[in-house]
Amino acid sequence: MGTTHVKRAFKYRFYPTDAQAAELSRTFGCVRKVYNLALAARTQAWVLRQERVNYNATSAMLTAWKRTEELAYLNDVSSVPLQQALRHLQTAFTHFFAKRARYPRLKSRKKSRKSAEYTTSAFRFRDGKLTLAKMTEPLEIVWSRPLPEGATLSTVTVSQDAAGRWFVSLLCEDPGVEPLPTTDAAVGVDAGLDHLLTLSTGEKITNPRHERHDRDRLAKAQRKLARKAKGGGANRAKARQRVARVHARIADRRRDTLHKITTRLVRENQTIVIEDLTVRNLLKNGRLARAISDAAWAEFRTMLEYKAWWYGREVIAVDRWFPSSKLCSHCGTLQDKLPLSVRTWTCGCGVTHDRDVNAARNILAAGLAVSACGAGVRPQRSSPGGRSAMKQEPLRREP
(Lines give C-alpha, C1' and ligand atoms only; values in the text may rest on other atoms or scores of the structure.)
Protein backbone atom coordinates (compact mmCIF):
# COMPACT_ATOMS: atom_id res chain seq x y z
CA MET A 1 0.00 0.00 0.00
CA GLY A 2 1.69 3.18 -1.20
CA THR A 3 1.92 6.53 0.49
CA THR A 4 -0.07 9.60 -0.54
CA HIS A 5 1.35 13.08 -1.04
CA VAL A 6 -1.02 15.53 0.62
CA LYS A 7 -0.73 19.17 1.53
CA ARG A 8 -1.09 19.72 5.25
CA ALA A 9 -1.01 22.85 7.37
CA PHE A 10 0.72 22.68 10.74
CA LYS A 11 -0.25 25.49 13.07
CA TYR A 12 1.95 26.63 15.94
CA ARG A 13 1.86 29.41 18.45
CA PHE A 14 4.78 31.83 18.62
CA TYR A 15 5.86 34.78 20.71
CA PRO A 16 7.25 37.70 18.70
CA THR A 17 9.63 40.33 20.00
CA ASP A 18 8.39 43.92 20.15
CA ALA A 19 10.13 44.69 16.85
CA GLN A 20 8.65 41.61 15.17
CA ALA A 21 5.16 42.39 16.48
CA ALA A 22 5.43 45.94 15.15
CA GLU A 23 6.63 44.70 11.75
CA LEU A 24 3.84 42.15 11.50
CA SER A 25 1.21 44.68 12.57
CA ARG A 26 2.41 47.02 9.80
CA THR A 27 2.23 44.15 7.34
CA PHE A 28 -1.32 43.27 8.38
CA GLY A 29 -2.37 46.89 7.86
CA CYS A 30 -0.74 47.09 4.43
CA VAL A 31 -2.29 43.79 3.34
CA ARG A 32 -5.72 45.07 4.34
CA LYS A 33 -5.13 48.40 2.57
CA VAL A 34 -4.01 46.78 -0.70
CA TYR A 35 -6.92 44.34 -0.66
CA ASN A 36 -9.44 47.15 -0.14
CA LEU A 37 -7.86 49.38 -2.80
CA ALA A 38 -7.87 46.58 -5.35
CA LEU A 39 -11.45 45.64 -4.51
CA ALA A 40 -12.57 49.27 -4.90
CA ALA A 41 -10.74 49.55 -8.24
CA ARG A 42 -12.29 46.36 -9.60
CA THR A 43 -15.75 47.37 -8.42
CA GLN A 44 -15.45 50.82 -9.96
CA ALA A 45 -14.21 49.43 -13.27
CA TRP A 46 -17.18 47.09 -13.48
CA VAL A 47 -19.82 49.63 -12.41
CA LEU A 48 -18.61 52.44 -14.66
CA ARG A 49 -17.21 50.60 -17.69
CA GLN A 50 -18.46 46.99 -17.38
CA GLU A 51 -14.78 46.01 -17.36
CA ARG A 52 -13.34 43.02 -15.54
CA VAL A 53 -9.97 43.72 -13.91
CA ASN A 54 -7.79 40.65 -13.32
CA TYR A 55 -4.87 39.93 -11.01
CA ASN A 56 -2.23 41.19 -13.47
CA ALA A 57 -3.94 44.57 -13.69
CA THR A 58 -4.18 44.95 -9.91
CA SER A 59 -0.53 43.93 -9.60
CA ALA A 60 0.39 46.79 -11.93
CA MET A 61 -1.81 49.08 -9.82
CA LEU A 62 0.14 48.03 -6.72
CA THR A 63 3.39 49.12 -8.36
CA ALA A 64 1.85 52.50 -9.16
CA TRP A 65 0.46 52.91 -5.65
CA LYS A 66 3.90 52.38 -4.13
CA ARG A 67 5.26 55.27 -6.19
CA THR A 68 2.76 57.76 -4.79
CA GLU A 69 3.57 59.88 -1.76
CA GLU A 70 0.35 58.91 -0.01
CA LEU A 71 0.99 55.15 -0.22
CA ALA A 72 4.79 55.12 -0.11
CA TYR A 73 4.62 53.29 3.23
CA LEU A 74 3.70 50.10 1.31
CA ASN A 75 7.40 49.85 0.43
CA ASP A 76 8.28 49.39 4.11
CA VAL A 77 6.90 45.84 4.27
CA SER A 78 7.59 42.73 2.22
CA SER A 79 5.91 42.84 -1.19
CA VAL A 80 5.04 39.12 -1.11
CA PRO A 81 2.11 39.34 1.38
CA LEU A 82 0.74 42.25 -0.66
CA GLN A 83 0.85 40.21 -3.86
CA GLN A 84 -0.75 37.28 -2.04
CA ALA A 85 -3.61 39.57 -0.95
CA LEU A 86 -4.26 40.36 -4.62
CA ARG A 87 -4.25 36.65 -5.45
CA HIS A 88 -6.75 35.99 -2.67
CA LEU A 89 -8.97 38.74 -4.08
CA GLN A 90 -8.75 37.12 -7.52
CA THR A 91 -9.82 33.81 -5.98
CA ALA A 92 -12.74 35.51 -4.23
CA PHE A 93 -13.95 36.97 -7.54
CA THR A 94 -13.55 33.60 -9.24
CA HIS A 95 -15.82 32.02 -6.64
CA PHE A 96 -18.27 34.90 -6.97
CA PHE A 97 -18.58 34.65 -10.76
CA ALA A 98 -18.96 30.86 -10.42
CA LYS A 99 -21.85 31.55 -7.98
CA ARG A 100 -20.07 29.73 -5.16
CA ALA A 101 -19.75 32.77 -2.90
CA ARG A 102 -21.02 36.27 -2.32
CA TYR A 103 -19.42 39.43 -3.67
CA PRO A 104 -16.11 40.19 -1.89
CA ARG A 105 -16.37 42.65 0.96
CA LEU A 106 -14.00 45.30 2.28
CA LYS A 107 -11.77 44.27 5.18
CA SER A 108 -12.45 46.09 8.42
CA ARG A 109 -9.59 47.18 10.65
CA LYS A 110 -11.36 45.95 13.79
CA LYS A 111 -13.31 42.93 12.58
CA SER A 112 -11.31 41.35 9.77
CA ARG A 113 -8.77 38.60 10.38
CA LYS A 114 -5.22 39.84 10.86
CA SER A 115 -3.01 37.67 8.67
CA ALA A 116 -0.26 37.76 6.08
CA GLU A 117 0.89 35.00 3.75
CA TYR A 118 4.54 34.51 2.75
CA THR A 119 5.73 32.30 -0.10
CA THR A 120 9.13 30.62 -0.38
CA SER A 121 10.88 33.76 -1.60
CA ALA A 122 9.89 35.66 1.55
CA PHE A 123 11.01 33.33 4.34
CA ARG A 124 13.95 31.17 5.32
CA PHE A 125 13.57 27.88 7.19
CA ARG A 126 16.80 26.28 8.35
CA ASP A 127 17.60 24.00 11.27
CA GLY A 128 14.13 24.37 12.68
CA LYS A 129 14.23 28.18 12.67
CA LEU A 130 11.87 30.33 10.62
CA THR A 131 12.85 33.84 9.60
CA LEU A 132 10.48 36.07 7.65
CA ALA A 133 11.35 38.78 5.15
CA LYS A 134 12.26 42.18 6.67
CA MET A 135 13.26 40.44 9.91
CA THR A 136 16.74 39.71 11.25
CA GLU A 137 15.78 37.23 13.98
CA PRO A 138 13.82 33.97 13.68
CA LEU A 139 10.39 33.63 15.24
CA GLU A 140 10.21 32.07 18.69
CA ILE A 141 7.88 29.18 17.78
CA VAL A 142 6.55 26.63 20.26
CA TRP A 143 7.01 23.36 18.34
CA SER A 144 4.13 21.44 19.90
CA ARG A 145 4.59 18.65 17.33
CA PRO A 146 7.32 17.95 14.78
CA LEU A 147 6.96 18.58 11.08
CA PRO A 148 6.88 15.43 8.88
CA GLU A 149 10.25 14.14 7.74
CA GLY A 150 11.05 15.28 4.22
CA ALA A 151 8.30 17.90 4.24
CA THR A 152 8.92 21.00 2.10
CA LEU A 153 7.32 24.29 3.13
CA SER A 154 5.43 26.11 0.39
CA THR A 155 3.73 28.96 2.25
CA VAL A 156 3.82 30.46 5.73
CA THR A 157 0.81 32.31 7.11
CA VAL A 158 1.22 34.50 10.18
CA SER A 159 -1.90 35.59 12.05
CA GLN A 160 -3.08 37.18 15.27
CA ASP A 161 -6.47 36.28 16.70
CA ALA A 162 -8.88 38.54 18.57
CA ALA A 163 -7.47 37.30 21.90
CA GLY A 164 -4.05 38.68 20.95
CA ARG A 165 -2.41 35.29 20.38
CA TRP A 166 0.09 34.91 17.53
CA PHE A 167 0.08 31.85 15.27
CA VAL A 168 2.11 30.65 12.32
CA SER A 169 0.67 28.10 9.88
CA LEU A 170 3.15 26.12 7.79
CA LEU A 171 1.74 24.61 4.61
CA CYS A 172 3.81 21.71 3.37
CA GLU A 173 3.53 18.59 1.26
CA ASP A 174 3.61 15.57 3.51
CA PRO A 175 5.04 12.56 1.63
CA GLY A 176 4.39 10.13 4.46
CA VAL A 177 0.59 9.86 4.66
CA GLU A 178 -0.25 6.16 4.31
CA PRO A 179 -3.81 4.92 3.60
CA LEU A 180 -5.21 2.86 6.43
CA PRO A 181 -5.77 -0.89 5.92
CA THR A 182 -9.05 -1.60 4.14
CA THR A 183 -11.91 -2.77 6.34
CA ASP A 184 -15.51 -3.85 5.79
CA ALA A 185 -16.81 -1.65 8.62
CA ALA A 186 -19.36 1.03 7.75
CA VAL A 187 -21.25 3.42 10.00
CA GLY A 188 -24.17 5.83 9.70
CA VAL A 189 -24.00 9.08 11.64
CA ASP A 190 -26.98 11.13 12.78
CA ALA A 191 -26.17 14.62 14.08
CA GLY A 192 -28.18 16.00 16.98
CA LEU A 193 -28.24 18.35 19.95
CA ASP A 194 -29.19 16.09 22.89
CA HIS A 195 -26.30 13.91 21.74
CA LEU A 196 -23.69 15.36 19.42
CA LEU A 197 -23.68 12.24 17.22
CA THR A 198 -25.59 8.96 17.21
CA LEU A 199 -24.04 6.02 15.36
CA SER A 200 -25.83 3.20 13.60
CA THR A 201 -24.13 0.83 16.05
CA GLY A 202 -26.32 2.29 18.80
CA GLU A 203 -23.52 4.33 20.36
CA LYS A 204 -24.35 7.90 21.35
CA ILE A 205 -21.58 10.49 21.63
CA THR A 206 -22.23 13.06 24.32
CA ASN A 207 -22.59 16.69 23.33
CA PRO A 208 -19.95 18.57 25.39
CA ARG A 209 -21.82 21.91 25.00
CA HIS A 210 -18.63 23.91 25.40
CA GLU A 211 -20.36 27.24 24.92
CA ARG A 212 -22.95 26.49 27.61
CA HIS A 213 -20.27 25.54 30.12
CA ASP A 214 -18.51 28.88 29.65
CA ARG A 215 -21.70 30.93 29.22
CA ASP A 216 -21.51 32.55 32.67
CA ARG A 217 -17.90 33.52 32.19
CA LEU A 218 -18.66 34.90 28.73
CA ALA A 219 -21.68 36.88 29.99
CA LYS A 220 -19.61 38.41 32.79
CA ALA A 221 -16.87 39.49 30.36
CA GLN A 222 -19.45 40.90 27.94
CA ARG A 223 -21.14 42.91 30.70
CA LYS A 224 -17.81 44.46 31.63
CA LEU A 225 -17.20 45.31 27.98
CA ALA A 226 -20.65 46.90 27.66
CA ARG A 227 -19.87 49.26 30.56
CA LYS A 228 -16.77 50.63 28.84
CA ALA A 229 -17.20 53.82 26.85
CA LYS A 230 -17.28 53.33 23.10
CA GLY A 231 -14.84 55.03 20.80
CA GLY A 232 -11.57 53.44 21.84
CA GLY A 233 -9.47 53.57 24.97
CA ALA A 234 -7.12 51.09 26.61
CA ASN A 235 -9.69 49.81 29.12
CA ARG A 236 -12.22 48.99 26.41
CA ALA A 237 -9.53 47.23 24.37
CA LYS A 238 -8.60 45.10 27.40
CA ALA A 239 -12.25 44.25 28.04
CA ARG A 240 -12.75 43.31 24.39
CA GLN A 241 -9.71 41.03 24.56
CA ARG A 242 -11.07 39.29 27.67
CA VAL A 243 -14.26 38.48 25.76
CA ALA A 244 -12.17 37.21 22.84
CA ARG A 245 -10.19 34.94 25.17
CA VAL A 246 -13.36 33.24 26.38
CA HIS A 247 -14.50 32.72 22.79
CA ALA A 248 -11.05 31.35 21.91
CA ARG A 249 -11.18 28.89 24.81
CA ILE A 250 -14.59 27.63 23.64
CA ALA A 251 -13.45 27.30 20.02
CA ASP A 252 -10.22 25.48 20.97
CA ARG A 253 -12.03 22.93 23.12
CA ARG A 254 -14.71 22.37 20.47
CA ARG A 255 -12.10 21.85 17.75
CA ASP A 256 -10.15 19.41 19.93
CA THR A 257 -13.30 17.34 20.53
CA LEU A 258 -14.17 17.21 16.83
CA HIS A 259 -10.63 16.19 15.88
CA LYS A 260 -10.74 13.25 18.28
CA ILE A 261 -14.17 12.09 17.09
CA THR A 262 -13.43 12.36 13.37
CA THR A 263 -10.05 10.66 13.69
CA ARG A 264 -11.66 7.75 15.50
CA LEU A 265 -14.46 7.38 12.93
CA VAL A 266 -11.99 7.39 10.03
CA ARG A 267 -9.71 4.86 11.68
CA GLU A 268 -12.49 2.41 12.51
CA ASN A 269 -14.65 2.57 9.36
CA GLN A 270 -14.14 2.24 5.63
CA THR A 271 -17.43 4.00 4.75
CA ILE A 272 -19.02 6.78 6.77
CA VAL A 273 -22.50 7.99 5.84
CA ILE A 274 -23.79 11.37 7.05
CA GLU A 275 -26.66 13.73 6.29
CA ASP A 276 -26.16 16.64 3.90
CA LEU A 277 -27.30 19.30 6.36
CA THR A 278 -27.59 22.97 5.42
CA VAL A 279 -26.37 24.50 8.66
CA ARG A 280 -26.83 28.04 7.35
CA ASN A 281 -30.57 27.50 7.01
CA LEU A 282 -30.84 25.68 10.33
CA LEU A 283 -29.28 28.68 12.08
CA LYS A 284 -32.35 30.73 11.12
CA ASN A 285 -34.17 28.93 13.93
CA GLY A 286 -33.75 31.52 16.68
CA ARG A 287 -34.57 29.08 19.45
CA LEU A 288 -31.91 26.53 18.47
CA ALA A 289 -29.33 28.68 16.67
CA ARG A 290 -27.01 28.93 19.68
CA ALA A 291 -27.02 25.18 20.31
CA ILE A 292 -26.54 24.40 16.60
CA SER A 293 -23.57 26.76 16.40
CA ASP A 294 -22.04 25.12 19.45
CA ALA A 295 -22.43 21.67 17.88
CA ALA A 296 -20.38 22.80 14.83
CA TRP A 297 -21.82 20.27 12.38
CA ALA A 298 -20.24 21.96 9.36
CA GLU A 299 -16.78 21.83 10.92
CA PHE A 300 -17.34 18.17 11.77
CA ARG A 301 -18.12 17.37 8.13
CA THR A 302 -15.10 19.29 6.84
CA MET A 303 -12.72 17.44 9.17
CA LEU A 304 -14.30 14.08 8.35
CA GLU A 305 -14.01 14.57 4.60
CA TYR A 306 -10.38 15.64 4.41
CA LYS A 307 -9.25 12.94 6.83
CA ALA A 308 -11.15 10.33 4.83
CA TRP A 309 -9.43 11.56 1.67
CA TRP A 310 -6.03 11.32 3.32
CA TYR A 311 -6.45 7.77 4.59
CA GLY A 312 -8.40 6.12 1.77
CA ARG A 313 -11.84 6.17 3.33
CA GLU A 314 -15.19 7.18 1.83
CA VAL A 315 -17.71 9.71 3.10
CA ILE A 316 -21.21 9.66 1.60
CA ALA A 317 -23.76 12.40 2.29
CA VAL A 318 -27.43 11.45 2.05
CA ASP A 319 -29.89 14.11 0.98
CA ARG A 320 -31.20 16.28 3.79
CA TRP A 321 -34.83 15.50 2.87
CA PHE A 322 -34.39 11.76 3.27
CA PRO A 323 -36.92 10.77 6.02
CA SER A 324 -34.38 8.97 8.18
CA SER A 325 -36.25 9.47 11.48
CA LYS A 326 -39.75 8.53 10.27
CA LEU A 327 -38.70 5.41 8.34
CA CYS A 328 -38.74 2.08 10.17
CA SER A 329 -35.30 0.54 9.76
CA HIS A 330 -36.79 -2.94 10.25
CA CYS A 331 -39.76 -3.10 7.84
CA GLY A 332 -39.44 0.13 5.83
CA THR A 333 -42.79 1.63 6.86
CA LEU A 334 -42.87 5.42 6.64
CA GLN A 335 -44.66 7.22 9.49
CA ASP A 336 -46.95 10.10 8.60
CA LYS A 337 -45.89 12.33 11.49
CA LEU A 338 -43.16 12.12 14.08
CA PRO A 339 -42.82 15.29 16.22
CA LEU A 340 -39.35 16.23 17.41
CA SER A 341 -40.45 15.72 21.02
CA VAL A 342 -41.00 11.98 20.35
CA ARG A 343 -37.69 10.27 21.14
CA THR A 344 -38.88 6.64 21.00
CA TRP A 345 -41.67 5.16 18.92
CA THR A 346 -43.11 1.77 18.02
CA CYS A 347 -43.75 0.75 14.42
CA GLY A 348 -46.75 -1.29 13.31
CA CYS A 349 -44.42 -4.27 12.87
CA GLY A 350 -43.91 -4.29 16.65
CA VAL A 351 -40.33 -2.97 16.73
CA THR A 352 -39.63 -0.11 19.15
CA HIS A 353 -37.10 2.42 17.90
CA ASP A 354 -34.87 4.99 19.51
CA ARG A 355 -35.41 7.94 17.20
CA ASP A 356 -31.73 8.83 16.71
CA VAL A 357 -30.41 5.26 16.42
CA ASN A 358 -33.14 4.45 13.90
CA ALA A 359 -32.21 7.54 11.87
CA ALA A 360 -28.53 6.57 11.89
CA ARG A 361 -29.36 3.06 10.65
CA ASN A 362 -31.52 4.42 7.84
CA ILE A 363 -28.79 6.87 6.87
CA LEU A 364 -26.30 3.99 6.69
CA ALA A 365 -28.66 1.87 4.57
CA ALA A 366 -29.29 4.76 2.16
CA GLY A 367 -25.58 5.45 1.81
CA LEU A 368 -24.68 1.82 1.19
CA ALA A 369 -27.43 1.55 -1.44
CA VAL A 370 -26.00 4.59 -3.20
CA SER A 371 -22.47 3.21 -2.97
CA ALA A 372 -23.52 -0.20 -4.32
CA CYS A 373 -25.64 0.71 -7.34
CA GLY A 374 -25.59 4.48 -7.70
CA ALA A 375 -29.31 4.46 -8.53
CA GLY A 376 -31.15 7.69 -8.02
CA VAL A 377 -27.98 9.63 -7.29
CA ARG A 378 -27.43 13.29 -8.00
CA PRO A 379 -24.15 14.86 -6.89
CA GLN A 380 -24.62 17.96 -4.75
CA ARG A 381 -21.21 18.94 -3.50
CA SER A 382 -17.72 17.87 -4.49
CA SER A 383 -14.99 17.75 -1.88
CA PRO A 384 -11.96 15.59 -1.11
CA GLY A 385 -13.01 12.22 0.22
CA GLY A 386 -16.73 12.86 0.13
CA ARG A 387 -19.66 12.58 -2.22
CA SER A 388 -23.25 13.55 -1.86
CA ALA A 389 -26.28 11.63 -2.98
CA MET A 390 -29.93 12.51 -3.37
CA LYS A 391 -32.44 9.70 -3.06
CA GLN A 392 -35.24 10.38 -5.52
CA GLU A 393 -37.58 8.11 -3.53
CA PRO A 394 -37.52 7.07 0.14
CA LEU A 395 -35.45 3.96 0.68
CA ARG A 396 -37.63 1.02 1.71
CA ARG A 397 -36.47 -2.43 2.71
CA GLU A 398 -38.35 -5.56 1.78
CA PRO A 399 -40.23 -6.89 4.82
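What you see is a predicted model, and the numbers here were worked out from it, not measured in a lab.

Peer 1: Any details on the pairing of strand β8 (residues 186-191)? Residues and values, ideally.
Peer 2: Pairing between β8 and strand β11 (residues 271-275): 3 bridges, direction parallel. Bridging across to β11, alanine 186 finds its partner in threonine 271. As judged from the 3 bridges shared by β8 and strand β9 (residues 195-199), these two strands associate in the antiparallel manner. Across the sheet, the residue bridging to alanine 191 is leucine 197, located in β9. Where β8 folds back on β9, the antiparallel hairpin that results is connected by 3 residues.

Peer 1: An account of the packing of aromatic side chains is needed here, citing residue identities and associated values.
Peer 2: One pass over the structure, following the stated rule, counts 10 aromatic pairs. An aromatic cluster is built from Phe93, Phe96, Phe97 and Tyr103, whose rings are joined through pairwise contacts. Note that lysine 11 overlies the ring of phenylalanine 167, its terminal NZ or CZ placed 4.7 Å from the centroid. Positioned above the aromatic ring of tyrosine 35 is the side chain of lysine 107, whose terminal nitrogen or guanidinium carbon lies 4.5 Å from the ring centre.

Peer 1: Could you give an account of the UniProt feature "domain: Cas12f1-like TNB" (unreviewed entry) in the protein chain, with specific residues and numbers?
Peer 2: The sites that UniProt annotates as "domain: Cas12f1-like TNB" (unreviewed entry) are residues 297-363. As annotated, residues 297-363 comprises 34% helix and 16% strand, and the C-alpha atoms at either end are separated by 16 Å.

Peer 1: I'd like to hear about the nonpolar core, residue by residue, with values.
Peer 2: If you look at the biggest cluster of nonpolar residues, it comprises 42 residues, and the most contacted ones within it are Leu24, Tyr118, Leu130, Leu132, Val156, Val158 and Val168. Of all the secondary-structure elements, those providing two or more residues to this core are β1 (4-14), α1 (18-49), α2 (55-66), α3 (79-97), β2 (114-119), β4 (129-132), β6 (152-160) and β7 (166-177). The leading source of residues in this core is α1, at 9 residues. Setting aside chain neighbours within four positions, we find valine 168 in contact with Phe10, Lys11, Tyr12, Phe14, Leu130, Ile141, Val156, Thr157 and Val158. Leu196, Ile261, Ile274 and Met303 belong to the second largest nonpolar core, which has 24 residues in total.

Peer 1: Mind laying out the pattern of salt bridges, listing which residues take part and the relevant values?
Peer 2: Considering all chains together, one arrives at 20 salt bridges under this definition. Linking glutamate 203 and arginine 264 is a salt bridge whose minimum nitrogen-to-oxygen distance equals 2.5 Å. Linking glutamate 203 in the loop between β9 and β10 (204-206) with arginine 264 in helix α6 (residues 234-268), this pair joins segments that are 61 residues apart in sequence. Using a relative accessible area of 30% as the deciding quantity, one classes arginine 264 as partly exposed.

Peer 1: Describe the side chain of serine 329, and please don't skip the residues or the numbers.
Peer 2: Examined against the element boundaries, serine 329 turns out to sit in the loop between β12 (314-318) and β13 (344-346). Take serine 329: its relative accessible area is 9%, and that puts it in the buried class. A distance of 2.9 Å separates the side chain of serine 329 from the side chain of asparagine 358, its partner in a polar contact.

Conventions adopted
Residues numbered from 1 in each chain as written. Predicted model: local features only at pLDDT ≥ 70, side-chain atom pairs only at ≥ 80, totals over all residues. Heavy atoms only, no water. Pairing = 2+ DSSP bridges. Helix = DSSP H or I, 4+ residues; strand = E, 2+ residues; numbered from the N terminus. Phe/Tyr/Trp six-rings, centres within 6.5 Å; stacked < 30°, edge-to-face > 60°. Lys NZ or Arg CZ within 6 Å of the ring centre and 35° of its normal. UniProt positions renumbered as here; feature names shortened; annotations may be inferred. Core = buried A, V, L, I, M, F, W, Y, C linked by side-chain atoms within 4.5 Å. Buried < 20%, exposed > 50% of the residue type's maximum accessible area, 1.4 Å probe, protein only. Contact = heavy atoms within 4.5 Å. Salt bridge = Lys/Arg side-chain N within 4 Å of Asp/Glu carboxyl O. Polar contact = N/O pair within 3.5 Å; in protein donor to acceptor, adjacent residues only side chain to side chain.

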